[in-house]
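A look at the structure
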Amino acid sequence: MQHDEVIWQVIRHNHCSFMAKIETGKFCRNPYNVTGICNRSSCPLANSRYATIRDHDGVFYLYMKTIERAHQPNQLWERVKLPRNYEKALEIIDKNLMYWPKFLVHKTKQRLTKMTQMRIRMRKLALKTREKIMTTPRKEKKREARREEKAEKAAVLDKSIEKELLERLKKGVYGDIYNYPADKYNEILDKEQLAADDIEEDEEEAEIEFVEGYDDLEEEEDIEDFGGLAVNKSSLDDDDVGLDDNDDEETVAVDHKRVRRESSLALRKLGNDEGGTKPKKKARVLVEILMEDRRQSTESVRGVFASFRDCEQVHRQSQEFLLSLIDRVATC
Amino acid sequence: MGAKRKKSEGEELLNEGEKENDKNNENISKKMKKEILPSMIKNKEKRSAVHAKLKHQKKVEKRKKLKARDAAEKRALELGEEPPARMTPRTIENTREPDETVCRPDDDELFAGNDADEFSSILKQGCAPKILITTCRFNSSRGPAFISELLSVIPNSHYYKRGTYDLKKIIEYAKKKDFTSIIVVHTNRREPDALLIIGLPDGPTAHFKLSKLVLRKDIKNHGNPTGHIPELVLNNFATRLGHRVGRLIQSLFPQSPEFRGRRVVTFHNQRDFIFFRHHRCVPLEFISCYMWTILCSYLTSIMKAFCYYECRYIFETKESKGSDANGKKAKDAKSEKTSQQKVITRLQECGPRFTLKLVSLQHGTFDTKGGEFEWVHKPEMDTSRRRFFL
């Protein structure tokens, strides 16, 4: 006696736990369902003769249910392994479901097609690398953000960078590019007249040495950061560096450097003598000179700026210009 | 609610602490006084009043101590004696858990290791580094902007679009074309999120988490970097792991910095966070002559007529010379002679700003499945607040 109608009435109208209703339709979550839709003809519970295809580890099996075994739920579903080959699998389905209703045969074959396509695609994807999305708990994210903020405050970045650069300047890593403290400069000026030519060659070698040794220097500096050792070579290096600078200025025939040196000498004299006694007078004089020189200066300055975009050169030339003015002040 | 609960917990802890202190006090003072602790009082109003009073007392004592300390220092200075030594504040860096992998400058093994590692060929012999920058598969919003800024920061770097190539295939391609490193910028939720630095030919792979990215256009008064090779500053890479990471970063940049360009690229490690900054610097030397300042002010007023972005660079230096001279006349700290000279550096920020945190360091090129990881960050490493790995 077939209970199918009764079963269907009960399921459909009261409650079926496999039914999932969403806005596009009613679906059946039963793993033995052939189409996946909740229908009178597709319900595996309400049809005593049913067939479906299920997949286990990439192997397809044809499951069949007949009314003869309806009283033995343990042995209800008969399983046939399907070969890998799509056509052969279709033949086997045909053979097994030979005199079955057309609807079931058709739907089973459709399901087989879909599942083989899915299997091919999954295998292709597994070969490609895909990014795996890992989640971090919110607590950790917040903790990291908080710690980062505190670390940023603890690392007073600007000051530490400036300190590091100043240390490098003191060590003489930069050579003759930047200005020097004036007291050292004075010392060097005294020594300047003595051995100028002799040191020329040495100075060049010193420069070359410096360039080669830079890599070690960098590493050394890093290591100093590690161990916290402060290497106080400042005095020695400054002297050497001063010598280098001095001789560089003499040997390298660059006009503006010479001008700068001379004018800085003048400047120092002024500074030492005056000490701010007659500032106002000087200022007035300065203004006049500046106004006179304006036309000349404008052209020169414009020329300087327009010709070349290198910051450092401009800086130096502007310094030279500045100090040449001071020179003129000193002379008059 | 949570805040209130914490407060009450704090109170209880405080009270417990007070209890211990009180016990000690009793032992020391040998008085049979019975102290009523706030925690023993059941009435909330009364209890909170007593607790507040205790706190106020403590505050007053602390202030008294501070005043006494300041007075002692002042007196010592007036008398010409040595002021009493200042106490150093306790910081997390001071109280860092001792790490046996901290590099020491006399470590021969370290230098031997340096010679034998993957970067030695770039760092010593000076083969120019060539960087390939690419992204993850989906790149959007801030990603391209960040990459264009990276291209300007790192010299000799090239950007290639990702397409859908496998990372391993990209590595092979880069090896063929003689690149020395690959940088992969990973984007998540439309923000650059992670940085993968792969050394070639068989260099280590470092995976960093990227955060707090600020692009150049968002920085006020930013500067534009020139094309000179920048100078590198690597701060605080203390342990062996940190040293290795530092060398990895160093291998991205050419080893012959052009000091005339005055570009500084800084990677500063603080508590395992690596802060990246990019500056243009000028060390200034100034003489605090009164005349000088007036001269400067006149000059700047005249030169302001020519508005040119390079002028801006110079104006800044001149103005700062003047202003700084005025400001620092007061300080006697670094004055060597009566002419009060001091060298300061002035930094103008240019280029992006971001922080990195090392997530994992893998030996060999990118291979998450089969690779050997030298260091992986695990959440259980975060349990101690005083333990850092870089």
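Note that the structure is predicted; figures quoted are calculated from it, not measured.

What counts, and at which threshold
Residues numbered from 1 in each chain as written. Chains lettered and ligands numbered in written order. Predicted model: local features only at pLDDT ≥ 70, side-chain atom pairs only at ≥ 80, totals over all residues. Heavy atoms only, no water. pLDDT = per-residue confidence, 0-100. Helix = DSSP H or I, 4+ residues; strand = E, 2+ residues; numbered from the N terminus. Contact = heavy atoms within 4.5 Å. Buried < 20%, exposed > 50% of the residue type's maximum accessible area, 1.4 Å probe, protein only. Right-handed = clockwise from strand over helix to strand, strands pointing away. Pairing = 2+ DSSP bridges. Patch = residues over 30% accessible without salt bridge, like charges linked within 9 Å, V, L, I, M, F, W, Y side chains within 5 Å. Areas by Shrake-Rupley, 256 points an atom, 1.4 Å probe, with all protein chains shown as cover. Salt bridge = Lys/Arg side-chain N within 4 Å of Asp/Glu carboxyl O. Lys, Arg positive; Asp, Glu negative; His and termini not counted. Charge placed at Lys NZ, Arg CZ, Asp CG, Glu CD. Core = buried A, V, L, I, M, F, W, Y, C linked by side-chain atoms within 4.5 Å. Phe/Tyr/Trp six-rings, centres within 6.5 Å; stacked < 30°, edge-to-face > 60°. Lys NZ or Arg CZ within 6 Å of the ring centre and 35° of its normal.

Before going further, it helps to examine the confidence of the model for chain B. Residues and elements named next belong to chain B. On average, residues of chain B carry a pLDDT of 78, and 76% of them reach 70 or more. Here helix α9 (residues 309-328) is the element of chain B with the lowest mean pLDDT, 37, and strand β10 (residues 353-363) is the one with the highest, 94. Note that residues 286-293 has pLDDT below 50 and, in this model, 29 contacts with residues that lie over four places away or in other chains. Our summary of model confidence lists the complex with pTM equal to 0.60 and ipTM equal to 0.72.

Here the focus is the pairing of strand β1 (residues 131-135) of chain B. All names here are of chain B. The buried count for β1 comes to 5 of 5 residues, which makes it a mostly enclosed element. Because side chains alternate across β1, one face comprises the buried residues Ile131, Ile133 and Thr135, and the other comprises Leu132 and Thr134, equally buried. In the classification by handedness, the crossover that spans β1, the intervening helix α5 (residues 142-153) and the parallel strand β2 (residues 157-159) is right-handed. In terms of strand pairing, β1 meets strand β3 (residues 181-188) through 5 bridges, oriented parallel. Counterpart to Thr135 in the pairing with β3 is Val185.

Residue and element names in this part refer to chain A. Nonpolar side chains collect at one region of the surface, where Ile22, Phe27 and Ile37 lie side by side and expose about 250 Å² of accessible area between them. Here Phe27 shows up in strand β2 (residues 25-28). According to the relative accessible area criterion, Phe27 is partly exposed, its value standing at 33%.

In this section: a positive patch on the surface. Together, Arg138(A), Lys141(A), Lys142(A), Arg146(A), Lys150(A), Lys153(A), Arg189(B), Arg190(B) and Arg385(B) make up a region of like positive charge exposed at the surface. Following the sequence through the fold, Lys142(A) ends up in helix α4 (residues 138-154).

To continue, consider the side chain of Arg119(A). Residues and elements named next belong to chain A. Checked against the element boundaries, Arg119 lands in helix α3 (residues 102-127). Despite its burial, Arg119 pairs with no opposite charge, the nearest such side chain being Asp55 at 5.9 Å. Leaving out residues up to four positions away in the same chain, Arg119 has contacts with Gly58, Val59, Phe60 and Arg84.

Next up on the list: unusual backbone geometry. All names here are of chain B. Unusually for a residue other than glycine, Asn236 sits at a positive phi of about 70°. Inspection of the secondary structure puts Asn236 in the loop between β6 (231-235) and α7 (240-250). Its identity as a non-glycine residue notwithstanding, Asp272 has a phi of 75°, on the positive side. Mapping Asp272 onto the fold places it in the loop between β7 (263-270) and β8 (273-287).

Residues Phe146(B), Ile183(B), Leu195(B), Phe208(B) and Phe267(B) are the most contacted members of the largest nonpolar core, which totals 39 residues. Leaving out residues up to four positions away in the same chain, Phe208(B) has contacts with Asp193(B), Ala194(B), Leu195(B), Ile197(B), Val245(B), Ile274(B), Leu356(B), Lys357(B), Leu358(B) and Val359(B). Tyr50(A), Val80(A), Ile93(A) and Val105(A) belong to the second-largest nonpolar core, a separate cluster that totals 17 residues.

A separate point is the packing of aromatic side chains. Applying the stated rule across the entire model yields 10 aromatic pairs over all chains. Considering the side-chain rings of Phe276(B) and Phe354(B), the 4.5 Å spacing of their centres and the 10° angle between planes classify their relative orientation as stacked. Of this pair, Phe276(B) sits in strand β8 while Phe354(B) sits in strand β10; the two residues are 78 residues apart in sequence, bridging distant segments of the chain. The rings of Phe146(B), Phe253(B), Phe267(B), Phe276(B) and Phe354(B) are connected pair by pair, giving a single aromatic cluster. Between the NZ or CZ atom of Arg54(A) and the centre of the ring of Tyr63(A), over which it lies, the distance is 5.8 Å.

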